Amino acid sequence: TRSRPAVVAVVNQIASELAAALPQIPRLWVTSMVRSVQHQLRLRSLGYAAVLPSSHCVGYACDLEMHWFRRFDQDNLLARLLFERQEAGQLNVIDEGQAWHLCVNPLACGELQAAYDAQLRVR
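What comes next concerns the included structure. (Residues numbered from 1 in each chain as written. Predicted model: local features only at pLDDT ≥ 70, side-chain atom pairs only at ≥ 80, totals over all residues. Heavy atoms only, no water.)

With respect to the side chain of Gln119
Item 1. Looking at the element boundaries, Gln119 is found in helix 4 (residues 109-122).
Item 2. In this structure the side chain of Gln119 is engaged in a polar contact, spanning 3.0 Å, whose partner is the side chain of Asn12.
Item 3. Look past the residues within four positions of Gln119 in its chain and what remains in contact with it is Val8, Ala9, Asn12 and Gln13. (Helix = DSSP H or I, 4+ residues; strand = E, 2+ residues; numbered from the N terminus. Polar contact = N/O pair within 3.5 Å; in protein donor to acceptor, adjacent residues only side chain to side chain. Contact = heavy atoms within 4.5 Å.)

This is the structure in structure tokens:
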């Protein structure tokens with residue numbers, strides 16, 4: 001409930017594109033969305049790359065499981081979809097190994113808010 005509509009919209013879009021292209025594989029696995037500052041500090045103390053300030057703490061980021069998903073996505077379609085959105089200026093994508101960090105570009109928030117509103121109308 002604290003994640004920004006732009007993040008929800010882009011994750012839904014990516015999941016839909018992935019499901020359409022590879023219907024037989026498992027769904028997208030989001031491992032983290034909104035985090036408290038306390039949780040971010042805890043992750044940092046455990047050795048994770050959890051910086052402050054973080055876009056996770058304000059709802060503009062999420063992490064996707066990539067290591068597990070690659071077993072089903074032999075052509076690396078998910079990574080290509082993410083990099084396409086990065087090249088289009090919609091997302092910042094950081095390969096953190098097992099999980100990839102996605103952060104919405106502030107300039108894409110209007111477009112993604114409209115997509116989120118459309119997604120709500122369809123349901």
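Concerning helix 3 (residues 77-87)
Each full turn of the α-helix corresponds to 3.6 residues, which orients residues three or four apart in the same direction.
Item 1. For helix 3, the complete set of buried residues consists of Leu77, Leu78, Ala79, Leu81, Leu82 and Arg85.
Item 2. Just downstream of helix 3, Gly89 is the residue with a positive phi angle, here 85 degrees. (Buried < 20%, exposed > 50% of the residue type's maximum accessible area, 1.4 Å probe, protein only.)

Looking at the nonpolar core
Item 1. If you look at the biggest cluster of nonpolar residues, it comprises 28 residues, and the most contacted ones within it are Leu18, Leu78, Leu82 and Val104.
Item 2. Taken together, the elements giving at least two residues each to this core come down to helix 1 (5-21), strand 2 (61-65), helix 3, strand 3 (91-95), strand 4 (99-104) and helix 4.
Item 3. Residues in contact with Val104, not counting those within four places in the same chain, are Ala6, Val7, Val10, Tyr60, Gln90, Leu91, Cys109 and Leu112. (Core = buried A, V, L, I, M, F, W, Y, C linked by side-chain atoms within 4.5 Å.)

Focus on the sheet that holds strand 4
Item 1. Reading across the sheet, the four strands line up as 1-2-4-3 and stay open at both edges, with antiparallel pairing between neighbours. One side of each edge strand has no neighbouring strand; the edge strands of this open sheet are strand 1 (30-32) and strand 3. If you compare each strand with its neighbour and ignore which way they point, the axes differ by 35 degrees on average.
Item 2. Pairing of strand 3 with strand 4 involves five bridges; the strand directions are antiparallel. When the sheet's bridge partners are listed, Ile94 is paired in strand 4 with His101.
Item 3. Running at roughly 135 degrees to strand 3, helix 3 makes contact with strand 2, strand 3 and strand 4 of the sheet. (Pairing = 2+ DSSP bridges. Axes fitted to C-alpha atoms, helices over the stretch in contact; angles between N-to-C directions.)

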